[in-house]
Amino acid sequence: MEKIKLFCVSLGCDKNLVDTEKMLGVAGGLGVTFTDDETEADAVLVNTFCFIGDAKEESVNTILEMARLKEEGKCRALIVAGCLAQRYKEEITEEIPEVDAILGTTSYEEIGRVLTELFGEDERDGEGTADSHISVFHSLSELPHTAKKRVVTTGGYYAFLKIAEGCDKRCTYCIIPSLRGPYRSVPMERLLEEARELADNGVRELILVAQETTLYGKDIYGEKSLPKLLHELAKIPGIYWIRIQYCYPEEIYEELIDAIARNEKVFNSLDLPIQHVNDTMLKRMGRRTSNADLVRIITHLRERIPDITLRTTLICGFPGETKEMHEELMQFINDMEFDRLGAFTYSPEEGTPAAEFPDQIDEETKKEWQADVMELQEEIIFDKNEEMKGRELYVFIEGKVSDENAY
């Protein structure tokens, strides 16, 4: 397939990006080349996302935009993968006939077979066609595995390492367990092999991602094993920084805190998606913490690791939220002073319990509360940035900004 040029669009989260990079690795192993000009592509791959309404809309619009290439350009095959493909495979097949192949969330490693079937052996003489529809969906309990080399798209100095797939939490607003399946840890030997390959190819920072990193290993080793994984990753020559994302606060434990505090390569940073702080809201969301729990956990982390950077995400306008609950959230943000914070308006997702809850909040109120949160956070960040003046930091220089005195 040396003549095939592939154009790829990867949407959504960092975990989705890892899947994309692995698909590109499989395709590259077949001799497929890549292009950043969609008008020159023989095949287009769209890896989709649909966690919230805006993401769903972006995915659909991207597919439709790429579908037009089959009419206007040289593109002969459109492949759709990821969460939207998993959730709406029938609708995509019926309503967007330009799509030639659909891959579910646990079958992305089949991209090689899909490309071979679409273009086939006839491609050797330049007469190949992509005129059949293919759907590949594996069980959501499977753990995808690609032995092929990843194509790192993050610039080469840092890369995401996905340590687990799926989730067992089943928060009332979240569709992810239905799209990604139950929590499955990637065996440690596979992760270490992948990390060594990334390091050999110039990666210096690993960012560990999963729907939840803190539970790593419990399903296959019988105990939470993230500290052991951190210890082994730190031994790899060439890796200087290891960063952890998506840590559910109720799963933070002393051994993990020790691993962060004592391991020089592990960045003193945690991403704690708390979503809200009012006890009634947390219960309705299906979360497993209380306001008091969150205060205790955050306070303890800062006592054990004084320079820790804490990031969180919040949902504004969840069904039943009141002005008083919103004000409680604002006070919590003001008191805790997170180093990074993102706020999203609640998006009702079909198939989730929360979508059927009474007392849905109007969009105007959701956006107003989101703006309140982000305005307050901007003030907090301004003060924190002022406090950084005069500090000396160890940093990675990835490159110079063209035409600017900035790196």
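Residues numbered from 1 in each chain as written. Predicted model: local features only at pLDDT ≥ 70, side-chain atom pairs only at ≥ 80, totals over all residues. Heavy atoms only, no water.

Chemist: Please provide a residue-by-residue account of the overall build of the protein chain, values included.
Modeler: Along the protein chain, the regular secondary structure elements total 15 helices and 14 strands. Against the globule reference of 22 Å for 407 residues, the protein chain gives a C-alpha radius of gyration of 22 Å, in line with a compact fold. When the backbone C-alpha atoms are referred to their principal axes, the protein chain occupies close to 65 × 55 × 55 Å. Long-range pairs, those at least 24 residues apart, make up 77% of the contacts in the protein chain with a sequence separation of at least 6. Of the roughly 19000 Å² of accessible surface on the protein chain, 47% is carried by carbon and sulfur atoms. (Helix = DSSP H or I, 4+ residues; strand = E, 2+ residues; numbered from the N terminus. Rg over C-alpha atoms; globule rule 2.2 N^0.38 Å. Contact = heavy atoms within 4.5 Å. Areas by Shrake-Rupley, 256 points an atom, 1.4 Å probe, with all protein chains shown as cover.)

Chemist: Tell me about the environment of alanine 261, and please be specific about residues and values.
Modeler: Relative to the helices and strands, alanine 261 is located in helix H11 (residues 254-262). As for alanine 261 and leucine 45, which are separated by 216 residues in sequence, their C-alpha atoms are 41 Å apart.

Chemist: Before we move on, can you summarise the pattern of salt bridges with the specific residues and values?
Modeler: Pairing is possible between side chains of opposite charge, provided their charged atoms come close. Overall, the coordinates contain 27 salt bridges when judged by the stated rule. In this structure, lysine 56 and glutamate 349 form a salt bridge, with 3.5 Å as the shortest nitrogen-oxygen distance. Within this pair, whereas lysine 56 is found in helix H2 (residues 53-67), its partner glutamate 349 is found in the loop between strand S14 (340-345) and helix H15 (363-388), the two being separated by 293 residues in sequence. Each member of the pair, lysine 56 as well as glutamate 349, is classed as buried. Several salt bridges converge on common partners, so that one network encompasses Lys169, Glu212, Lys224, Glu250 and Glu251. (Salt bridge = Lys/Arg side-chain N within 4 Å of Asp/Glu carboxyl O. Buried < 20%, exposed > 50% of the residue type's maximum accessible area, 1.4 Å probe, protein only.)

Chemist: Describe the packing of aromatic side chains, and please don't skip the residues or the numbers.
Modeler: Counted according to the given criterion, the structure contains 11 aromatic pairs. For the ring pair tyrosine 158 and phenylalanine 160, a centre distance of 5.9 Å and an interplane angle of 85 degrees mean the geometry is edge-to-face. For phenylalanine 160, a relative accessible area of 7% corresponds to the buried category. Summarising the aromatic geometry, the rings of phenylalanine 318 and phenylalanine 357 are spaced 6.2 Å apart at their centres and angled 85 degrees between planes, so their arrangement reads as edge-to-face. With phenylalanine 318 in the loop between strand S13 (309-316) and helix H14 (323-336) and phenylalanine 357 in the loop between S14 and H15, this residue pair connects regions lying 39 residues apart in the sequence. Exposure remark for phenylalanine 318: the relative accessible area of 0% places this residue in the buried category. (Phe/Tyr/Trp six-rings, centres within 6.5 Å; stacked < 30°, edge-to-face > 60°.)

Chemist: Talk me through the sheet that holds strand S4 (residues 77-82); I want residue IDs and the actual numbers.
Modeler: Across the sheet, which stays open at both edges, the six strands sit in the order S2-S1-S3-S4-S5-S6 with parallel pairing between neighbours. Of all the strands in the sheet, the pair left with one neighbour each is strand S2 (33-34) and strand S6 (134-136). Direction of pairing for strand S1 (residues 5-10) relative to strand S3 (residues 43-48): parallel, over a ladder of five bridges. Each bridged residue has a counterpart across the sheet, and for cysteine 8 the counterpart in S3 is leucine 45. Against the sheet, helix H1 (residues 14-29) engages S1, S2, S3, S4 and strand S5 (101-103), with an angle of about 170 degrees to S1. (Pairing = 2+ DSSP bridges. Axes fitted to C-alpha atoms, helices over the stretch in contact; angles between N-to-C directions.)

Chemist: Would you mind going over the side chain of lysine 22 in detail, with residue names and values included?
Modeler: Mapped onto the elements of the fold, lysine 22 is located in helix H1. Judged by its relative accessible area of 11%, lysine 22 falls in the buried class. Setting aside its immediate chain neighbours within four residues, lysine 22 contacts Tyr108, Thr146, Arg150 and Glu194.

Chemist: Account for the confidence of the model for the protein chain, naming residues and giving values.
Modeler: Per-residue pLDDT for the protein chain averages 93, and the proportion of residues at 70 or more is 97%. Here residues 123-130 is a poorly scored stretch, pLDDT under 50, and it has 18 contacts once near neighbours within four places are set aside; other chains count. (pLDDT = per-residue confidence, 0-100.)

Chemist: Requested: an account of the nonpolar core, with residues and values cited.
Modeler: Counting 62 residues, the largest nonpolar core has Ile163, Leu226, Leu229, Leu233 and Leu270 as the members making the most contacts within it. Counting residues per element, this core draws most heavily on helix H8 (residues 188-200), at six residues. When sequence neighbours within four positions are dropped, the list of residues in contact with leucine 229 reads Ile163, Met188, Leu191, Leu192, Leu208 and Tyr216. Ala67, Cys83, Ala85 and Ile175 belong to the second-largest nonpolar core, a separate cluster that totals 27 residues. (Core = buried A, V, L, I, M, F, W, Y, C linked by side-chain atoms within 4.5 Å.)

Chemist: Which residues make up the side chain of glutamine 211, and what values go with them?
Modeler: Structurally, glutamine 211 is set in the loop between strand S10 (205-209) and helix H9 (218-221). When residues no more than four places from it in sequence are discounted, the contact partners of glutamine 211 are Lys15, Gly166, Cys167, Ile176, Tyr246 and Tyr248.

Chemist: Pulling in residues and values, what's your account of the pairing of S1?
Modeler: Sheet topology places S1 next to S2; two bridges connect them, and they run parallel. In the strand pairing of S2, leucine 6 is matched with phenylalanine 34. With respect to chirality, the unit in which S1 leads through H1 into the neighbouring parallel S2 is right-handed. (Right-handed = clockwise from strand over helix to strand, strands pointing away.)

Chemist: Which residues make up the sheet that holds strand S7 (residues 158-162), and what values do they have?
Modeler: Taken together, three strands build an open sheet; the order of strands is S7-S10-S11 and the sheet is parallel. Looking at which strands have only one partner, the edges of the open sheet turn out to be S7 and strand S11 (241-244). Put simply, the sheet's adjacent strands are angled 25 degrees from each other on average, direction ignored. Note that S7 and S10 share five bridges and pair parallel. By the bridge assignment for S10, tyrosine 158 is matched with glutamate 205. Here H1 sits on the sheet in contact with S7 and S10, set at roughly 95 degrees to S7.

Chemist: Just give me the short version of the environment of serine 178, but keep the residues and values in it.
Modeler: Following the sequence through the fold, serine 178 ends up in helix H7 (residues 176-180). Taking the C-alpha atoms as reference points, serine 178 and threonine 312, separated by 134 residues in sequence, lie 24 Å from one another.

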